[in-house]
Amino acid sequence: MNKQFKIQGKLEIIIPEKCINDKVKAIIEGLLFHSVSVSFAPAESLYIGMGEYEPVELCDEGVISVTERGAYIAAKDERALINCLFLLLRDVVADELDFGNERVLLPVGCRHIAPPIKRRMVHFCIVPGVALSTYQKLIRLAAVLGYTHIVLEFWGTFRYDCLQELSWRDCSFTKDEVRLMLNEARALGVGVIPMVNHFGHASACRVGYGKHVVLDQNPHLSHLFSPDGWIWRFERPDVRELFRQMRRELCEVFGEGEYFHVGFDEGFSYKFDNDSVRALADYMGDVCREVIAAGRTPMLWGDQFLHEETLGIGQNNGYEGNAPDAETALTLLGAIPKESIICDWQYVVRKDVPWKSAQFFAENGMKTLICPWTDAAGFNTAMLTAQNLDCYGIMHTTWDRLFSEGNVNTLFYAHDSFFGREPRAQRVGNMIANAALLRRIWQSDGSYERSGWGLSDFKNNLSM
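Remember, it's a predicted structure, so these values are computed and weren't measured experimentally.

Novice: Would you mind going over the overall build of the chain with me for this structure?
Specialist: Within the chain one finds 13 helices and 17 strands. Over its C-alpha atoms the chain spans a radius of gyration of 23 Å, differing by no more than 12% from the 23 Å that the globule rule assigns to 464 residues. Principal-axis analysis of the C-alpha atoms gives the chain an extent of 75 × 45 × 40 Å. Sequence separation of 24 or more characterises 74% of the internal contacts of the chain that already satisfy a separation of 6 or more. When the accessible surface of the chain is totalled, it reaches about 19400 Å², and 48% of it is carbon and sulfur. Positive and negative charge centroids in the chain, built from 47 and 60 side chains respectively, lie 3 Å apart.

Novice: Mind showing me how you'd approach the nonpolar core here?
Specialist: The nonpolar side chains of soluble globular proteins are, as a tendency, buried together. By size, the foremost hydrophobic cluster in this structure holds 154 residues, and its most contacted members are Leu32, Met50 and Met299. Broken down by element, the residue count for this core peaks at 9 residues, all from helix α2 (residues 78-90). Beyond its immediate sequence surroundings of up to four residues, Met299 is in contact with Met121, Val151, Ile193, Tyr259, Phe260, His261, Val262, Gly263, Ile341, Cys343, Leu369 and Met395. Core analysis: the next-biggest nonpolar cluster, separate from the first, contains 7 residues, Ala41, Ala43, Tyr47 and Ala74 among them.

Novice: Is there a simple way to explain the pattern of salt bridges in this structure?
Specialist: Oppositely charged side chains are able to pair whenever their charged atoms sit close together. Enumeration over the complete set of coordinates arrives at 20 salt bridges. When the shortest N-O distance is used, the salt bridge between Asp286 and Arg289 registers 3.1 Å. Of this pair, Asp286 and Arg289 both sit in helix α6 (residues 274-293), 3 residues apart, which is roughly one turn of that helix. Since its relative accessible area comes to 27%, Asp286 is described here as partly exposed.

Novice: How should I be thinking about helix α11 (residues 410-418) in this particular structure?
Specialist: Every α-helical turn comprises 3.6 residues, leaving residues that sit three or four positions apart pointing alike. Of all the 9 residues making up α11, 9 are buried; the element is thus mostly covered by neighbouring parts of the structure. Restricting attention to buried positions, one finds in α11 the residues Thr410, Leu411, Phe412, Tyr413, Ala414, His415, Asp416, Ser417 and Phe418. Residues of α11 that are buried in the fold lie against α2, β10 (120-126), α3 (132-144), α10 (376-388), β17 (393-397) and α12 (428-441). Where α11 ends, the next residue or the one after it, Gly420, has phi of about 75°, a positive value.

Novice: Would you explain the packing of α3 against helix α4 (residues 175-187) in this entry?
Specialist: Packed helices, taken two at a time, are described by their axes: the angle between them and the distance between them. Close contact between α3 and α4 brings their axes to 8 Å; oriented N to C, the two are set at 20°. With respect to α4, the element α3 is oriented roughly parallel. With respect to the hand of their crossing, α3 and α4 are arranged in right-handed fashion. Contact residues: Leu132, Tyr135, Gln136, Ile139 and Arg140 in α3; Glu177, Leu180, Met181, Glu184 and Ala185 in α4.

Novice: Would you mind going over the sheet that holds strand β7 (residues 93-96) with me for this structure?
Specialist: Strand pairing in a sheet relies on backbone hydrogen bonds, with the paired strands running either antiparallel or parallel. Strand order in the open sheet formed by 3 strands is β1-β8-β7, with antiparallel pairing between adjacent strands. Two strands lie at the open edges of the sheet, namely β1 (4-8) and β7, each paired on one side alone. Strand-to-strand twist in this sheet, taken as the mean axis angle between neighbours without regard to direction, amounts to 35°. Both β1 and strand β8 (residues 103-107) contribute to a ladder of 5 bridges, which runs antiparallel. Bridge assignment links Gln4 to a residue of β8, and that residue is Pro107.

Novice: Which parts of the structure should I look at to understand the environment of Phe33?
Specialist: Tracing the backbone through its elements, the reader meets Phe33 in the loop between α1 (22-31) and β3 (37-42). Accessibility expressed as a relative area gives 26% for Phe33, which makes it partly exposed. On a C-alpha basis, the gap between Phe33 and Arg440 in space is 6.5 Å, while along the polypeptide they are 407 residues apart. Excluding residues within four positions of it along the chain, Phe33 makes contact with Val92, Val93, Ala94, Leu97, Val104 and Arg440.

Novice: In this structure, what is going on with the packing of aromatic side chains? I would like to understand it.
Specialist: Each pair of aromatic rings is reported with the distance of its centres and the angle of its planes. Tallying each qualifying case throughout the model produces 25 aromatic pairs. Centre to centre, the rings of Tyr47 and Tyr72 are 5.8 Å apart; their planes meet at 20°, and the pair counts as stacked. Highlighted residues: Tyr47 in strand β4 (residues 47-51) and Tyr72 in strand β6 (residues 70-75), separated in sequence by 25 residues. Taking the relative accessible area as the measure of exposure, Tyr72 reaches 9% and is therefore buried. With a centroid separation of 5.9 Å and an interplanar angle of 20°, the aromatic rings of Tyr53 and Tyr72 are classed as stacked. In this pair, Tyr53 sits in the loop between β4 and β5 (62-66) while Tyr72 sits in strand β6, placing the two residues 19 residues apart along the sequence. Residue classification places Tyr53 among the partly exposed positions, given a relative accessible area of 25%. Through a chain of ring-to-ring contacts, three or more aromatic side chains come together here, namely Phe199, Phe234, Phe264, Tyr270, Phe272 and Tyr283. Arg119 extends its terminal NZ or CZ atom over the ring of Tyr392, reaching a point 3.7 Å from the ring centre.

Novice: Please explain the sheet that holds β5 as it appears in this structure.
Specialist: Here 6 strands make up an open sheet; going across it, the order is β3-β2-β4-β6-β5-β9 and the pairing mixed. For this open sheet the edge positions go to β3 and β9 (109-113), each flanked by a neighbour on one side alone. The mean inter-strand angle of the sheet, taken between neighbouring strand axes irrespective of direction, is 10°. Across 5 bridges, the pairing between β4 and β6 is antiparallel. If you follow Ile48 over to β6, its bridge partner there is Ile73.

Rules used in this analysis
Residues numbered from 1 in each chain as written. Predicted model: local features only at pLDDT ≥ 70, side-chain atom pairs only at ≥ 80, totals over all residues. Heavy atoms only, no water. Helix = DSSP H or I, 4+ residues; strand = E, 2+ residues; numbered from the N terminus. Rg over C-alpha atoms; globule rule 2.2 N^0.38 Å. Contact = heavy atoms within 4.5 Å. Areas by Shrake-Rupley, 256 points an atom, 1.4 Å probe, with all protein chains shown as cover. Lys, Arg positive; Asp, Glu negative; His and termini not counted. Charge placed at Lys NZ, Arg CZ, Asp CG, Glu CD. Core = buried A, V, L, I, M, F, W, Y, C linked by side-chain atoms within 4.5 Å. Buried < 20%, exposed > 50% of the residue type's maximum accessible area, 1.4 Å probe, protein only. Salt bridge = Lys/Arg side-chain N within 4 Å of Asp/Glu carboxyl O. Axes fitted to C-alpha atoms, helices over the stretch in contact; angles between N-to-C directions. Parallel < 35°, antiparallel > 145°, perpendicular 65-115°, else oblique. Left-handed = near helix turned anticlockwise from the far one by under 90°. Pairing = 2+ DSSP bridges. Phe/Tyr/Trp six-rings, centres within 6.5 Å; stacked < 30°, edge-to-face > 60°. Lys NZ or Arg CZ within 6 Å of the ring centre and 35° of its normal.

In structure tokens, the structure reads:
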């Protein structure tokens, strides 16, 4: 019979004071199935101890050691320590849950935690009509699953002071409500990254849904956009100043941080010629330098820097590239500072390792985040690409299908990939297990709206 650390009745956890707060406590109690009375004592260094623990030497990002008498965790920093704690407690097994006789088990063993991907990001779109509690829940789930950073892109849902039409009046979040989302991440040691798309997607909507957050409210602001409303008229000084104000407001709410995502993808209707290429290149460079001057690293989508000729491939090859030709791709890429980070999104590259797009960015001296979506084979090649090229990290994109077709379960798939486990397919049994974990880390207090993933989340995510 496998050896186990049995926990029953009471458990004292020794943990650094900086790592413990009400949200961490709630997750710990939930992962223990609310079966024991947990108390906390301060640790004097970066370790966590339970029961009669035995310290183990730290040689990687973290170490988790469980004996029959206790458990010990050590890590290189506070964020890694919390990640290791959640990794350990996810393995808790409920042995007996009859009231008054509860007992849970942890399997004995020692694990050195050395995830091959150091920066593990996820990109969430904050879309109209989805409840605040849903985003708090998503952020908590991402933290428990080992993501290090979360990018938040507001699709007409952040109430700016600089221009009220930038948000839908009837379904957007106040700055205080946004702070509640951010507090969820910070309490769990996850970095939060603000995002504003500075080029395409000026409608703050997917192209197929036909909405425009500004023009559907005030058509007299049409001068800020291309005639079709899809592209910002970035050559106008008032548009550039509006973006500066938007960035300032977001950074004020988000607080200190390392990055700012400036978008720049899918400029489908932009009219490319010699003058407009130069104008876009200068604009991209200016925005990136302004972000750097403000103390953050700019992140940009990679599609405007790619063309089939730059990758040495033919058409219909599975790669996404929106530059009109190879010369334009190289001109735009050459205009941005080398400190910038390219977010290389490719969703159906199922065989190439490494991705030809990532190879192209590496050869041009750019730091690159590899960005998969829902395709399992594409996620596998993304992971291998990130490792083979020693890329900056992974950024998992979720877009408008997060709650449809069980795609929220790709977060669990990503977690398995990050930590060297065999990724679980999106089968019913795994989705049931994923739902069970969600209940352990998120207490709904009997509210239908706060529990699981609501029908309104599916409906509004599909209609944004």
